[in-house]
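Per-entry structural report
The lines below spell out each chain.
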Amino acid sequence: MTRHDLTGKVAVVTGGSKGLGLAMATGFAQAGADVVVSSRKLEACEKAAAGIRSLGRRCLPVSCHVGDWSQCDTLIERTLAEFGRIDVLVNNAGIAPVAPRLLEVTEPLFDKTIGVNLKGPLRLGARAAEHMGPGSAIINISSVASVRPIAYTAVYAAAKAGLNVLTAVMAQEFAPKGIRANGIICGTFWTDSFRSSIPSEEAAAAVAQGCVLKRVADADEIVGTALYLATDASSYTTGQMIQVDGGVLP
Ligand SMILES: NC(=O)c1ccc[n+]([C@@H]2O[C@H](COP(=O)([O-])OP(=O)(O)OC[C@H]3O[C@@H](n4cnc5c(N)ncnc54)[C@H](OP(=O)(O)O)[C@@H]3O)[C@@H](O)[C@H]2O)c1
(Lines give C-alpha, C1' and ligand atoms only; values in the text may rest on other atoms or scores of the structure.)
Protein backbone atom coordinates (compact mmCIF):
# COMPACT_ATOMS: atom_id res chain seq x y z
CA MET A 1 0.00 0.00 0.00
CA THR A 2 2.87 2.44 0.66
CA ARG A 3 3.57 2.50 -3.07
CA HIS A 4 0.08 3.94 -3.59
CA ASP A 5 0.65 6.59 -0.92
CA LEU A 6 0.61 10.31 -1.80
CA THR A 7 1.27 11.70 1.69
CA GLY A 8 3.16 14.99 1.45
CA LYS A 9 2.48 15.27 -2.28
CA VAL A 10 0.53 17.96 -4.14
CA ALA A 11 -1.76 17.08 -7.04
CA VAL A 12 -3.29 19.52 -9.56
CA VAL A 13 -6.45 18.30 -11.30
CA THR A 14 -7.97 20.33 -14.12
CA GLY A 15 -11.69 19.87 -14.56
CA GLY A 16 -11.58 18.76 -10.92
CA SER A 17 -14.91 20.27 -9.90
CA LYS A 18 -17.01 17.30 -11.02
CA GLY A 19 -17.10 14.03 -12.95
CA LEU A 20 -13.88 12.09 -13.43
CA GLY A 21 -11.77 15.02 -12.22
CA LEU A 22 -13.55 15.21 -8.87
CA ALA A 23 -13.33 11.44 -8.49
CA MET A 24 -9.54 11.55 -9.03
CA ALA A 25 -9.04 14.61 -6.80
CA THR A 26 -10.96 12.87 -4.03
CA GLY A 27 -9.04 9.62 -4.54
CA PHE A 28 -5.71 11.46 -4.35
CA ALA A 29 -6.78 13.21 -1.14
CA GLN A 30 -7.80 9.87 0.36
CA ALA A 31 -4.29 8.64 -0.51
CA GLY A 32 -2.81 11.56 1.45
CA ALA A 33 -2.26 14.30 -1.15
CA ASP A 34 -3.11 17.97 -0.88
CA VAL A 35 -5.04 18.92 -4.00
CA VAL A 36 -5.60 21.87 -6.33
CA VAL A 37 -9.06 21.63 -7.87
CA SER A 38 -9.44 23.72 -11.00
CA SER A 39 -12.14 24.44 -13.57
CA ARG A 40 -13.67 27.57 -15.10
CA LYS A 41 -16.35 28.01 -12.43
CA LEU A 42 -14.78 29.01 -9.11
CA GLU A 43 -17.96 28.32 -7.15
CA ALA A 44 -18.00 24.70 -8.34
CA CYS A 45 -14.31 24.34 -7.41
CA GLU A 46 -14.99 25.78 -3.95
CA LYS A 47 -17.78 23.26 -3.40
CA ALA A 48 -15.49 20.41 -4.44
CA ALA A 49 -12.72 21.80 -2.21
CA ALA A 50 -15.02 21.76 0.81
CA GLY A 51 -15.62 18.05 0.28
CA ILE A 52 -11.91 17.34 -0.06
CA ARG A 53 -11.05 19.35 3.06
CA SER A 54 -13.56 17.24 4.99
CA LEU A 55 -11.17 14.33 4.31
CA GLY A 56 -8.52 16.19 6.33
CA ARG A 57 -6.45 17.40 3.37
CA ARG A 58 -5.65 20.92 2.18
CA CYS A 59 -7.38 21.94 -1.04
CA LEU A 60 -6.97 25.07 -3.17
CA PRO A 61 -9.79 25.90 -5.61
CA VAL A 62 -8.58 27.85 -8.67
CA SER A 63 -10.56 29.13 -11.62
CA CYS A 64 -8.76 28.36 -14.90
CA HIS A 65 -9.91 28.06 -18.51
CA VAL A 66 -7.22 25.69 -19.77
CA GLY A 67 -7.53 26.95 -23.36
CA ASP A 68 -6.01 30.26 -22.20
CA TRP A 69 -2.27 29.93 -21.57
CA SER A 70 -2.08 32.96 -19.29
CA GLN A 71 -4.70 31.27 -17.03
CA CYS A 72 -2.68 28.02 -17.19
CA ASP A 73 0.39 29.94 -16.05
CA THR A 74 -1.60 31.48 -13.20
CA LEU A 75 -2.80 28.02 -12.11
CA ILE A 76 0.81 26.83 -11.80
CA GLU A 77 1.87 30.01 -10.00
CA ARG A 78 -1.06 29.86 -7.53
CA THR A 79 -0.23 26.21 -6.79
CA LEU A 80 3.41 27.04 -6.07
CA ALA A 81 2.46 30.06 -3.94
CA GLU A 82 0.11 27.92 -1.82
CA PHE A 83 2.01 24.63 -1.59
CA GLY A 84 5.54 25.29 -2.90
CA ARG A 85 5.56 22.13 -5.04
CA ILE A 86 3.76 20.11 -7.73
CA ASP A 87 4.03 16.31 -7.72
CA VAL A 88 1.09 15.26 -9.88
CA LEU A 89 -0.63 17.04 -12.76
CA VAL A 90 -3.81 15.57 -14.23
CA ASN A 91 -4.80 17.14 -17.54
CA ASN A 92 -8.43 16.09 -17.22
CA ALA A 93 -10.52 19.08 -18.38
CA GLY A 94 -12.13 18.25 -21.68
CA ILE A 95 -15.06 19.03 -23.93
CA ALA A 96 -16.60 16.91 -26.69
CA PRO A 97 -18.88 19.03 -28.89
CA VAL A 98 -20.54 17.29 -31.80
CA ALA A 99 -20.89 18.23 -35.45
CA PRO A 100 -22.68 15.80 -37.79
CA ARG A 101 -20.16 16.31 -40.59
CA LEU A 102 -16.95 18.17 -41.23
CA LEU A 103 -18.62 21.01 -43.14
CA GLU A 104 -20.60 21.81 -40.00
CA VAL A 105 -17.46 22.19 -37.87
CA THR A 106 -17.23 25.92 -37.24
CA GLU A 107 -13.93 27.67 -36.64
CA PRO A 108 -14.90 28.56 -33.02
CA LEU A 109 -15.85 24.92 -32.33
CA PHE A 110 -12.55 23.72 -33.81
CA ASP A 111 -10.45 26.25 -31.88
CA LYS A 112 -12.24 25.67 -28.56
CA THR A 113 -12.07 21.88 -28.80
CA ILE A 114 -8.37 21.89 -29.63
CA GLY A 115 -7.77 24.60 -27.04
CA VAL A 116 -9.29 22.73 -24.09
CA ASN A 117 -8.27 19.17 -25.00
CA LEU A 118 -4.78 19.73 -26.43
CA LYS A 119 -3.42 23.28 -26.20
CA GLY A 120 -4.05 23.58 -22.45
CA PRO A 121 -2.45 20.23 -21.54
CA LEU A 122 0.70 21.13 -23.51
CA ARG A 123 1.17 24.40 -21.65
CA LEU A 124 0.31 22.98 -18.23
CA GLY A 125 2.62 20.01 -18.73
CA ALA A 126 5.46 22.27 -19.82
CA ARG A 127 5.00 24.74 -16.97
CA ALA A 128 4.40 22.10 -14.29
CA ALA A 129 7.47 20.10 -15.34
CA GLU A 130 9.67 23.13 -14.68
CA HIS A 131 8.84 22.72 -10.99
CA MET A 132 8.42 18.95 -10.63
CA GLY A 133 11.07 16.73 -9.11
CA PRO A 134 12.02 13.06 -9.49
CA GLY A 135 9.07 10.76 -8.83
CA SER A 136 6.52 13.26 -10.16
CA ALA A 137 3.85 12.26 -12.64
CA ILE A 138 1.73 13.78 -15.39
CA ILE A 139 -1.51 12.03 -16.36
CA ASN A 140 -3.36 13.00 -19.53
CA ILE A 141 -7.01 11.97 -19.75
CA SER A 142 -7.82 10.79 -23.24
CA SER A 143 -10.71 8.93 -24.85
CA VAL A 144 -11.50 5.80 -26.81
CA ALA A 145 -12.49 8.29 -29.51
CA SER A 146 -8.76 8.93 -30.04
CA VAL A 147 -8.21 5.35 -31.22
CA ARG A 148 -11.71 4.49 -32.53
CA PRO A 149 -12.95 7.80 -33.98
CA ILE A 150 -16.53 8.37 -34.99
CA ALA A 151 -17.46 11.09 -37.44
CA TYR A 152 -19.62 13.36 -35.29
CA THR A 153 -16.88 13.93 -32.70
CA ALA A 154 -14.12 14.33 -35.28
CA VAL A 155 -12.39 17.36 -33.74
CA TYR A 156 -12.56 15.91 -30.21
CA ALA A 157 -11.12 12.61 -31.46
CA ALA A 158 -8.32 14.44 -33.28
CA ALA A 159 -7.53 16.54 -30.21
CA LYS A 160 -7.39 13.47 -27.97
CA ALA A 161 -5.22 11.63 -30.52
CA GLY A 162 -2.93 14.64 -30.32
CA LEU A 163 -2.96 14.30 -26.54
CA ASN A 164 -1.83 10.68 -26.87
CA VAL A 165 1.13 11.86 -28.97
CA LEU A 166 1.83 14.66 -26.52
CA THR A 167 1.97 12.10 -23.72
CA ALA A 168 4.77 10.24 -25.51
CA VAL A 169 6.61 13.52 -26.10
CA MET A 170 6.27 14.54 -22.45
CA ALA A 171 7.59 11.15 -21.35
CA GLN A 172 10.71 11.57 -23.51
CA GLU A 173 11.36 15.21 -22.68
CA PHE A 174 10.79 14.96 -18.93
CA ALA A 175 12.41 11.55 -18.25
CA PRO A 176 15.84 13.08 -17.51
CA LYS A 177 14.19 14.98 -14.63
CA GLY A 178 12.61 11.79 -13.25
CA ILE A 179 9.11 12.87 -14.28
CA ARG A 180 6.86 10.23 -15.81
CA ALA A 181 3.99 11.00 -18.22
CA ASN A 182 1.19 8.59 -19.01
CA GLY A 183 -2.42 8.74 -20.10
CA ILE A 184 -5.75 7.05 -19.55
CA ILE A 185 -7.92 6.24 -22.54
CA CYS A 186 -11.40 6.39 -21.07
CA GLY A 187 -14.36 4.39 -22.25
CA THR A 188 -17.81 5.53 -21.14
CA PHE A 189 -18.37 6.83 -17.60
CA TRP A 190 -21.51 8.19 -15.96
CA THR A 191 -20.72 11.89 -15.75
CA ASP A 192 -22.59 15.07 -16.70
CA SER A 193 -20.92 15.20 -20.10
CA PHE A 194 -22.02 11.64 -20.90
CA ARG A 195 -25.55 12.24 -19.58
CA SER A 196 -25.95 15.37 -21.70
CA SER A 197 -24.69 13.60 -24.82
CA ILE A 198 -27.05 10.66 -24.56
CA PRO A 199 -30.67 11.13 -25.62
CA SER A 200 -32.24 8.24 -23.65
CA GLU A 201 -31.75 5.27 -21.32
CA GLU A 202 -32.02 3.03 -24.39
CA ALA A 203 -29.18 4.89 -26.06
CA ALA A 204 -27.05 4.52 -22.91
CA ALA A 205 -27.79 0.79 -22.89
CA ALA A 206 -26.72 0.59 -26.55
CA VAL A 207 -23.42 2.31 -25.73
CA ALA A 208 -22.84 -0.18 -22.92
CA GLN A 209 -23.07 -3.05 -25.40
CA GLY A 210 -19.87 -1.78 -27.05
CA CYS A 211 -17.62 -3.21 -24.34
CA VAL A 212 -17.24 -6.70 -22.94
CA LEU A 213 -18.35 -5.67 -19.44
CA LYS A 214 -21.64 -4.43 -21.01
CA ARG A 215 -22.08 -1.47 -18.71
CA VAL A 216 -21.17 2.20 -18.34
CA ALA A 217 -18.63 2.84 -15.57
CA ASP A 218 -19.14 4.87 -12.40
CA ALA A 219 -16.87 7.91 -12.21
CA ASP A 220 -14.82 6.54 -9.33
CA GLU A 221 -13.79 3.51 -11.41
CA ILE A 222 -11.04 5.67 -12.93
CA VAL A 223 -9.40 6.23 -9.53
CA GLY A 224 -7.43 2.98 -9.26
CA THR A 225 -5.64 3.57 -12.55
CA ALA A 226 -5.07 7.26 -11.77
CA LEU A 227 -3.56 6.38 -8.39
CA TYR A 228 -1.35 3.75 -10.02
CA LEU A 229 -0.04 6.29 -12.54
CA ALA A 230 0.35 9.06 -9.93
CA THR A 231 2.45 7.03 -7.50
CA ASP A 232 5.62 4.95 -7.35
CA ALA A 233 3.46 1.89 -8.01
CA SER A 234 4.07 2.73 -11.69
CA SER A 235 7.72 3.79 -11.28
CA TYR A 236 8.84 1.93 -14.46
CA THR A 237 5.89 3.02 -16.61
CA THR A 238 6.08 6.10 -18.81
CA GLY A 239 4.79 7.21 -22.21
CA GLN A 240 1.91 4.72 -21.99
CA MET A 241 -1.82 5.04 -22.58
CA ILE A 242 -3.85 2.67 -20.39
CA GLN A 243 -7.36 1.85 -21.61
CA VAL A 244 -10.01 1.93 -18.88
CA ASP A 245 -12.96 1.14 -21.06
CA GLY A 246 -14.67 -2.04 -19.87
CA GLY A 247 -12.97 -3.93 -22.69
CA VAL A 248 -14.03 -2.07 -25.81
CA LEU A 249 -14.36 -4.59 -28.60
CA PRO A 250 -11.87 -4.31 -31.48
N1 LIG B 1 -17.34 10.64 -19.23
C2 LIG B 1 -16.92 9.89 -20.25
O3 LIG B 1 -17.59 8.93 -20.66
C4 LIG B 1 -15.58 10.19 -20.91
C5 LIG B 1 -15.18 9.35 -21.97
C6 LIG B 1 -13.97 9.58 -22.60
C7 LIG B 1 -13.16 10.62 -22.14
N8 LIG B 1 -13.57 11.43 -21.12
C9 LIG B 1 -12.69 12.53 -20.74
O10 LIG B 1 -12.62 12.64 -19.35
C11 LIG B 1 -12.42 14.00 -18.97
C12 LIG B 1 -13.44 14.40 -17.92
O13 LIG B 1 -14.73 14.23 -18.49
P14 LIG B 1 -16.05 14.17 -17.58
O15 LIG B 1 -16.94 13.19 -18.24
O16 LIG B 1 -15.70 14.01 -16.15
O17 LIG B 1 -16.65 15.62 -17.86
P18 LIG B 1 -17.62 16.55 -16.98
O19 LIG B 1 -18.33 15.79 -15.93
O20 LIG B 1 -18.41 17.30 -17.98
O21 LIG B 1 -16.59 17.54 -16.28
C22 LIG B 1 -15.78 18.34 -17.06
C23 LIG B 1 -14.89 19.17 -16.16
O24 LIG B 1 -14.05 19.99 -16.98
C25 LIG B 1 -14.26 21.36 -16.64
N26 LIG B 1 -14.05 22.15 -17.82
C27 LIG B 1 -14.79 22.21 -18.96
N28 LIG B 1 -14.27 23.08 -19.81
C29 LIG B 1 -13.16 23.58 -19.22
C30 LIG B 1 -12.18 24.53 -19.60
N31 LIG B 1 -12.25 25.18 -20.77
N32 LIG B 1 -11.16 24.80 -18.74
C33 LIG B 1 -11.10 24.18 -17.55
N34 LIG B 1 -11.99 23.29 -17.12
C35 LIG B 1 -13.01 23.00 -17.97
C36 LIG B 1 -15.67 21.42 -16.05
O37 LIG B 1 -15.89 22.48 -15.14
P38 LIG B 1 -16.29 23.99 -15.58
O39 LIG B 1 -17.55 23.90 -16.35
O40 LIG B 1 -16.41 24.72 -14.27
O41 LIG B 1 -15.14 24.51 -16.38
C42 LIG B 1 -15.69 20.10 -15.27
O43 LIG B 1 -14.99 20.26 -14.05
C44 LIG B 1 -12.49 14.81 -20.26
O45 LIG B 1 -11.19 15.08 -20.75
C46 LIG B 1 -13.22 13.88 -21.21
O47 LIG B 1 -12.90 14.13 -22.56
C48 LIG B 1 -14.76 11.25 -20.50
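**Brief notes about the site of the ligand**
The local shell around the ligand holds 30 residues, among which Gly15, Gly19, Ser39, Arg40 and Gly94 are the closest. Elements supplying a minimum of two residues to the shell around the ligand: helix H1 (19-30), strand S5 (137-143) and helix H6 (192-197). A per-class count over the shell around the ligand returns twelve nonpolar, 14 polar and four charged.

**Details of the packing of helix H3 (residues 69-83) against helix H4 (residues 107-129)**
At a minimum axis separation of 9 Å, H3 and H4 run at an interaxial angle of 35 degrees. Of the two possible hands of crossing, H3 and H4 adopt the one that is right-handed. Each of Trp69, Cys72, Asp73 and Ile76 in H3 lies in contact with H4, whose residues at this interface are Gly120, Arg123, Leu124, Arg127 and Ala128. The class makeup of the residues in the contact of H3 with H4 is five nonpolar, one polar and three charged.

**Comments concerning the nonpolar core**
Looking at soluble globular proteins, one finds that nonpolar side chains tend to be buried together. In this structure, Ala11, Phe28 and Val35 are the most contacted members of the largest nonpolar core, which totals 67 residues. With eight residues, helix H5 (residues 154-174) is the largest single contributor of residues to this core. Excluding its chain neighbours within four sequence positions, the residues that come into contact with phenylalanine 28 are Leu6, Ala11, Ala33, Val35, Val88 and Ala230.

**Some words on H3**
Across its 15 residues, H3 extends 21 Å between first and last C-alpha, which sits within 8% of the 21 Å expected from 1.5 Å per residue. Considered for burial, the residues of H3 that qualify are Cys72, Leu75, Ile76 and Thr79. Across the axial projection of H3, the buried residues extend over an arc of 90 degrees, all falling on one side. Exposed side chains of H3 directed beyond 90 degrees from the buried face belong to Ser70 and Ala81. For H3, the elements touching its buried residues are strand S1 (10-14), strand S2 (34-39), strand S3 (59-63) and H4. Phi turns positive one or two residues past the end of H3, at glycine 84, with a value near 75 degrees.

**Considerations on the pairing of S3**
For S3, a buried count of four out of five residues is recorded, marking the element as mostly surrounded by other parts of the structure. Direction of pairing for S2 relative to S3: parallel, over a ladder of five bridges. Note that in S3 the partner of valine 36 across the bridge is leucine 60. Where the polypeptide runs from S2 across helix H2 (residues 42-53) and back to S3, its parallel neighbour, the crossover connection is right-handed.

**Topic: the sheet that holds S1**
Consider a sheet: its strands pair through backbone hydrogen bonds, and that pairing is either parallel or antiparallel. The seven strands lie next to each other as S3-S2-S1-S4-S5-S6-S7, forming an open sheet whose pairing is parallel. Only two strands of the sheet have a single neighbouring strand rather than two, namely S3 and strand S7 (241-244). Looking at each pair of strands side by side, their axes are set apart by 20 degrees on average, direction ignored. Judged from the seven bridges that link them, S5 and strand S6 (residues 180-186) form a sheet pairing that is parallel. In the strand pairing of S6, isoleucine 141 is matched with isoleucine 184. This element, H1, spans S1, S2, strand S4 (88-91) and S5 of the sheet and lies at about 170 degrees to S1. Those strands touched by H5 are S5, S6 and S7, and its axis lies near 160 degrees from that of S6.

How each quantity is defined
Residues numbered from 1 in each chain as written. Predicted model: local features only at pLDDT ≥ 70, side-chain atom pairs only at ≥ 80, totals over all residues. Near = placed C-beta within 6 Å. Helix = DSSP H or I, 4+ residues; strand = E, 2+ residues; numbered from the N terminus. Nonpolar A, V, L, I, M, F, W, Y, C, P; charged D, E, K, R; others polar. Axes fitted to C-alpha atoms, helices over the stretch in contact; angles between N-to-C directions. Left-handed = near helix turned anticlockwise from the far one by under 90°. Contact = placed C-beta atoms within 7 Å. Core = buried A, V, L, I, M, F, W, Y, C linked by C-beta atoms within 7 Å. Buried ≥ 20, exposed ≤ 12 C-beta atoms within 10 Å, placed from the backbone. Expected span 1.5 Å × (residues − 1). Arc of directions from axis to C-beta. Pairing = 2+ DSSP bridges. Right-handed = clockwise from strand over helix to strand, strands pointing away.

Any functional reading would require information that these geometric values do not contain.
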